[in-house]
Each structure stands twice: as structure tokens, then as C-alpha cells.
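# Tertiary structure, described
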Amino acid sequence: MLNVDKIREDFPILKRTVHGKPLVYFDNAATSQTPQIVIDAIVDYYSNYNANIHRGVHTLSQEATDKYEEARIKVQKHFNAKEAYEIILTAGTTHSINIVASGFTTLLNEGDELIVSALEHHSNIVPWQMLCEKTGAILKVIPMNEEGSLDMKTYHQLLNTKTKLVFCNHVSNALGTVNPIEEIIEAAHKIGAAVLIDGAQATPHIKPDLQKLNADFYVASAHKLCGPTGVGFLYGKQEWLEKLPPYQGGGEMIATVSFKKTTYAGLPHKFEAGTPNICGGIAFGVALDYMNAVGFENIATYEDELLKYGTQELLKIEGLRIYGTSAKKTAVISFNIDGIHPYDMGAILDKLGVAVRTGHHCAQPIMDYYKIPGTIRASFSFYNTKKEIDIFIESVKKAQIMLS
Ligand SMILES: *Cc1c(COP(=O)(O)O)cnc(C)c1O
């Protein structure tokens with residue numbers, strides 16, 4: 001069981017007010033809030049052992065290197081990757097996807113096929129379109145249906161011997177749908193295609209076991225997992241990370257450099273050019289420790305209660321439609337109300353202290369499917385409460401009256 005009152009004490013930001021009202025933070029799918037223990041880790045780094053890593057013989061550099069490599073192992077253990085060097089610490093999901101998409105430039109031929117799902121965030125669409133432009137590969141799309149789930153029958157029909165790569169999110173950020181990635185991965189592997197899973201929206205709620213899942217690549221961002229912004233990871237199976245060329249050239253990623261020939265460093269450093277977000281990486285490790293102490297089973301059970309309660313209460317509002325009604329979803333509710341533009345609703349909710357997201361949520365193809373400009377999205381975290389949902393519902397009702 002989760003003690004929400006106690007958990008809320010860990011997050012200083014939850015005590016603040018917005019426009020004189022207590023903050024109700026329901027934009028967790030965009031970024032999560034930061035517990036004091038993670039803030040303390042950031043302060044501790046800059047106060048006590050700020051130094052560049054992997055270079056100095058001096059004490060501070062050793063301490064920073066040890067902590068950074070410890071963080072990598074925390075990520076490895078948390079997601080059960082086989083080897084620590086299969087975890088590349090990156091600037092986040094977008095950066096991780098670009099490393100893989102760019103690397104495949106040398107591995108694809110004209111006419112090769114890539115498969116993407118209709119439920120993707122732009123960051124899991126655009127890098128692949130750029131790859132197709134460079135290589136002449138063709139992008140195919142797994143369609144979605146009215147409830148916001150993938151049309152798996154069409155997926156199986158799209159797979160063929162020309163398919164080289166499939167990429168899909170584990171959970172849709174716009175709708176909350178949990179995708180059947182086990183089935184997607186297994187079917188792709190049968191025809192020899194590699195699979196990249198975007199876990200940015202899943203990892204705050206689900207603890208995937210990467211060895212069991214067997215995806216070739218899995219990526220996520222720390223800032224949705226109670227960690228800082230600008231850091232995340234790329235997991236890749238060793239064989240794939242060895243096959244892919246480096247993404248950026250520079251310091252840290254080389255073994256030897258001369259003007260005749262430069263040789264690259266081994267994994268994971270081959271993909272970690274330049275001074276990384278050292279403090280961010282260390283704080284990411286602390287955030288994972290924090291979330292594990294809360295417990296992912298507790299988180300899932302509690303957030304599901306919030307989702308059910310929020311859905312039930314919202315549906316009592318006249319003219320309200322929820323987008324994304326799959327049986328398997330995380331605590332994200334995307335909705336619209338007849339005759340009200342999402343942006344106007346979002347602006348009034350803000351005046352009432354309620355933070356939600358409005359717009360296309362970086363997933364325009366989903367909005368196109370429903371023929372809407374965007375939605376209002378409330379996304380819950382384990383530190384939210386039913387009482388906050390009540391405030392949110394009252395605020396939506398008030399805004400509805402003001403806007404109609
Ligand atoms: C947030 C998100 C991203 C992008 O993450 P960044 O941290 O901005 O790189 C990609 N995909 C999904 C599903 C997301 O929720």
C-alpha cells in the first residue's frame with residue numbers, strides 16, 4: 001500500500017500555489033515532479049564533487065566517475081539489461097532514437113521497409129522519416145482504431161522479408177494505450193526485423209524486464225521518472241550496438257586519435273561523445289532508487305484507481321468525450337467537451353490552479369485520425385490524490401459554464 005500523504009511530503013513543488021490556488025499538477029505525462037532526494041543529489045554533486053569523468057586522476061574526478069558508472073548500473077539493474085555497457089546514457093528519448101535512426105543510414109538499402117505505429121510521438125516518427133529520405137527506405141504505418149488501439153491484423157500483414165525495422169511506443173503519451181509490444185517484437189523477429197520500443201511513457205508506470213521483452217532497442221527519459229531533464233538512456237543489444245556506427249564524434253568516444261586514423265572506443269563510450277550530463281545521470285539513478293522504494297506494483301495499482309475514478313467522474317459531464325478507451329491503459333485521460341476549444345479550457349484550468357496539457361501532444365497523426373485539433377489531457381502520477389481529481393472536475397465544470 002502506498003502512503004500518499006507521506007509521499008507528497010517528498011515533493012516540495014506540491015506545496016506551491018498557482019494564481020492563489022493550491023497547485024493540482026496533472027501534466028505528468030509531459031514531465032514528472034522531482035522528489036527532495038533527487039534535488040539533494042543534484043546539490044550534493046555541485047557542492048561536493050563536481051568534476052569531469054573518465055579523465056582525471058584526482059579525487060573529485062574519481063568520485064564523479066564512480067557515481068556516474070554506478071548510475072549506469074542502476075539503470076541496467078532496474079530494467080534488467082544483460083550488460084551495463086548495453087546502457088548508453090543519453091540526453092533522453094529523442095536523442096536515443098536519433099542515435100539509432102542515424103546509425104541505420106549505413107545499414108539500409110533503397111526499397112527496405114520500416115514499420116511505425118499510428119500512435120507515435122513525433123520523436124518516434126520524424127527521425128525515421130529523415131532516415132527514409134536519406135536511404136530510399138519506405139515507411140509503413142500500423143493503423144489505429146476508434147478506441148485508440150493498434151490494428152494488429154494489419155501489422156501482421158505489413159511484415160515481410162523487406163521489413164528491416166519496427167518501432168512503436170510501449171505506452172501512447174496522447175491516449176495512454178498500452179501497446180501489445182510482446183506480440184509486435186515476436187512477430188518482427190520471426191522475419192528478421194529489429195525492434196525499437198519507445199518506453200518514455202511506460203517507464204513511469206511499468207518496470208519492463210528487457211531480457212524477457214527481447215526488444216533490440218528500448219529508450220526512455222529520466223524526467224518522466226522523477227529524475228531531471230536532459231538525461232535518459234538507450235538500451236541496445238550488444239550485437240546491435242556493435243553493428244551501429246557512432247552518432248557523434250568527439251572526446252570520450254575514441255580509443256586513439258591521429259590524423260591518419262581514429263579508432264573508436266568500445267561500448268558504451270562509443271555513443272557517449274563529449275562531456276555528458278554527469279549530474280543528471282547520477283540524479284537519474286537516485287530517482288530510480290526512489291521509485292523502487294515506492295514500488296512499481298503499488299504505483300500501478302494506485303494510479304489505476306485514480307484513472308478509474310477520474311474517468312468515471314469526467315464522464316458525468318455533459319458533452320464530454322474521452323479519446324483512448326482501450327482496456328489496457330495508464331493513467332492518462334485525453335478528452336474534449338462539445339463546443340469548447342482545448343486551449344481555452346486549459347487556460348481557465350490554469351487560473352484555477354490545475355495544470356493539464358492541451359494540444360496535439362506531439363502526436364498529430366492521432367489527432368488527424370479523430371479529426372480534432374487537439375485534446376485536453378490530464379495525466380496522473382502516484383503523488384496525486386482523489387481529492388485533487390475532485391478539484392479538477394469542479395474546475396472543468398466551472399470552465400464549461402464560463403465558455404458556453
Ligand atoms: C515524452 C515522450 C517522448 C520524448 O521524450 P523527450 O524526453 O522529450 O526526448 C517520446 N515518446 C513518448 C511516448 C513520450 O511520452
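Residues numbered from 1 in each chain as written. Predicted model: local features only at pLDDT ≥ 70, side-chain atom pairs only at ≥ 80, totals over all residues. Heavy atoms only, no water.

## Looking at the overall build of the protein
How we decide: Every helix listed is a DSSP run of H or I at least four residues long, and every strand listed is a run of E at least two residues long, numbered separately from the N terminus. Based on C-alpha atoms, the radius of gyration is set beside the globule rule, defined as 2.2 Å times the residue count to the power 0.38. Think of it in three bands: with a 1.4 Å probe and only protein chains considered, a residue is buried below 20% of the maximum accessible area for its type, exposed above 50%, and partly exposed in between. Should any heavy atoms of two residues lie within 4.5 Å, those residues are considered in contact. Residue-level accessible areas treat just the shown protein chains as cover; the underlying method is Shrake-Rupley with a 1.4 Å probe.
Across its full length, the protein carries 14 helices and 17 strands. Against the globule reference of 22 Å for 404 residues, the protein gives a C-alpha radius of gyration of 22 Å, in line with a compact fold. Across its three principal directions, the C-alpha atoms of the protein cover 70 × 55 × 35 Å. Relative to its 404 residues, the protein shows a buried fraction of 56%. Looking at the protein alone, contacts between residues at least 24 apart form 71% of all its contacts between residues at least 6 apart. When the accessible surface of the protein is summed, it comes to about 17,300 Å², and 53% of that surface belongs to carbon and sulfur atoms.

## So, the nonpolar core
Quick reminder of the rule: For our purposes a nonpolar core is just a set of buried Ala, Val, Leu, Ile, Met, Phe, Trp, Tyr and Cys residues, chained together by side-chain atoms within 4.5 Å. Domain borders in the structure are assigned automatically or taken from a domain database.
Ranked by size, the top nonpolar core spans 106 residues in total, and within it Tyr 155, Phe 233, Phe 335, Ile 366, Phe 382 and Phe 392 carry the most contacts. The greatest single-element share of this core, amounting to 11 residues, is contributed by helix H10 (residues 278-294). Looking at which domains feed residues into this core, each of domain 1 (4-30 + 296-403) and domain 2 (39-292) gives three or more. Here Ile 366 is in contact with Ala 118, Leu 119, Met 144, Ser 172, Ala 174 and Leu 175, once residues within four sequence places are set aside.

## What to know about the state of the cysteines
Stated formally: By disulfide we mean two sulfur atoms from cysteines, separated by a distance within 2.5 Å.
Per the counting criterion, the structure on display carries 0 disulfides. Cys 168 supplies the cysteine sulfur nearest to Cys 132, a cysteine that is in no disulfide, at a spacing of 16 Å. Not part of a disulfide, Cys 226 finds its nearest cysteine sulfur in Cys 279, a span of 16 Å.

## Description of the site of the ligand
Here is the rule we go by: We call a residue near a molecule or strand when any one of its heavy atoms sits within 4 Å of it. Throughout this description, a polar contact denotes any pair of N or O atoms lying within 3.5 Å of each other; where both atoms belong to protein, one of them has to be capable of donating a hydrogen while the other can accept it, and for residues adjacent in sequence the pair is counted only when both atoms sit in side chains. Classification used: nonpolar for Ala, Val, Leu, Ile, Met, Phe, Trp, Tyr, Cys and Pro, charged for Asp, Glu, Lys and Arg, polar for all others including Gly.
The immediate surroundings of the ligand are formed by Thr 93, Thr 94, His 121, Ser 123, Asn 173, Asp 198, Ala 200, Gln 201, Ser 221, His 223 and Lys 224. Within the side chain of Asp 198, an N or O atom sits 2.5 Å from a nitrogen atom of the ligand. Between Ser 221 and the ligand, the recorded distance is 2.7 Å, taken from a side-chain N or O atom to an oxygen atom. Contact with the protein chains covers 86% of the free accessible surface of the ligand, which is 390 Å². For the shell around the ligand, the class distribution of residues is 1 nonpolar, 8 polar and 2 charged.

## Brief notes about the environment of Leu 307
Along the chain, Leu 307 falls in helix H11 (residues 296-314). For the pair Leu 307 and Ala 331, spaced 24 residues apart in sequence, the C-alpha to C-alpha distance is 4.9 Å. Contacts of Leu 307, omitting those with residues within four sequence positions, involve Lys 329, Thr 330, Ala 331, Val 332, Ile 333 and Phe 380.

## Some words on the UniProt feature "domain: Aminotransferase class V" (unreviewed entry) in the protein
So the rule is basically this: UniProt positions are given in the numbering used here, feature names are shortened, and annotations may be inferred rather than shown by experiment.
Those places that UniProt annotates as "domain: Aminotransferase class V" (unreviewed entry) correspond, in this numbering, to residues 24-392. Counted over residues 24-392, helix gives 39% and strand 17%. Its end C-alpha atoms are 8 Å apart.

## Points about the domain arrangement of the protein
Filter applied, for reference: For any pair of parts, buried area is found by adding up, for both, the accessible area (1.4 Å probe) each one loses once the two are put together.
Taken domain by domain, the protein holds domain 1 (4-30 + 296-403) and domain 2 (39-292). Centre-to-centre separation of domain 1 and domain 2, based on C-alpha positions: 28 Å. Taken together, the 33 residues of domain 1 in the interface contact 35 residues of domain 2. Of the roughly 2,700 Å² buried at the junction of domain 1 and domain 2 (both faces included), carbon and sulfur atoms supply 59%. By the criterion of area lost to domain 2, the three top residues of domain 1 are Phe 296, Thr 330 and Ile 366, representing 26% of everything that side buries.

## Considerations on H11
We apply this condition: The length a helix should cover is 1.5 Å for every residue beyond the first.
Given a rise of 1.5 Å per residue, 19 residues ought to cover 27 Å, and the 26 Å separating the end C-alpha atoms of H11 matches this to within 8%. Those residues of H11 lying buried are Phe 296, Ile 299, Tyr 302, Glu 303, Leu 306, Leu 307, Tyr 309, Gly 310, Glu 313 and Leu 314. If you follow the buried residues of H11, they end up packed against helix H1 (4-9), helix H3 (59-79), H10, strand S13 (320-323), strand S14 (332-337) and helix H14 (386-403).

## Some thoughts on the packing of aromatic side chains
The following threshold applies: When two rings of Phe, Tyr or Trp (its six-membered ring) have centres within 6.5 Å they constitute a pair, described as stacked for plane angles under 30 degrees, edge-to-face for angles over 60, and tilted for the intermediate range.
One pass over the structure, following the stated rule, counts 17 aromatic pairs. Here Phe 217 and Trp 240 contribute two aromatic rings whose centre-to-centre distance is 6.0 Å and whose plane-to-plane angle is 50°, an arrangement assigned as tilted. Pair noted here: Phe 217 is in strand S9 (residues 217-221) and Trp 240 is in helix H9 (residues 238-243), with a separation of 23 residues, a long-range link. On the basis of relative accessible area, Trp 240 is assigned to the buried category, the value being 12%. Aromatic side chains Phe 233 and Phe 284 sit 6.4 Å apart centroid to centroid with 20° between the ring planes, which places their arrangement in the stacked category. Here Phe 284 lies in helix H10 and Phe 233 lies in strand S10 (residues 232-236), a separation of 51 residues in the sequence. For Phe 284, a relative accessible area of 0% translates into the label buried. Aromatic rings pair up to connect Phe 11, Tyr 290, Phe 382 and Tyr 383 into one cluster.

## Section: the sheet that holds strand S17 (residues 375-379)
Definition in use: In short, DSSP must find at least two bridges between two strands for them to pair. What counts as an axis is a line fitted to C-alpha atoms, over the stretch in contact for a helix, and the angles between N-to-C directions run from 0 to 180 degrees.
Reading across from one edge, S13-S14-S17-S16 is the order of the 4 strands in this open sheet, with antiparallel pairing throughout. Edge positions in the open sheet fall to S13 and strand S16 (357-359), since each of these has one partner strand only. With direction set aside, neighbouring strand axes in the sheet form an average angle of 30°. Sheet topology places S13 next to S14; 4 bridges connect them, and they run antiparallel.

## What to know about the environment of Lys 207
Tracing the backbone through its elements, the reader meets Lys 207 in the loop between strand S8 (194-198) and helix H8 (210-213). Taking the relative accessible area as the measure of exposure, Lys 207 reaches 41% and is therefore partly exposed. For the pair Lys 207 and Glu 297, spaced 90 residues apart in the sequence, the C-alpha separation amounts to 8.9 Å. What Lys 207 contacts, discounting residues up to four positions off in sequence, is His 78, Asn 292 and Phe 296. Looking at Lys 207, its side chain comes within polar contact range of the side chain of Asn 292, at 3.0 Å.

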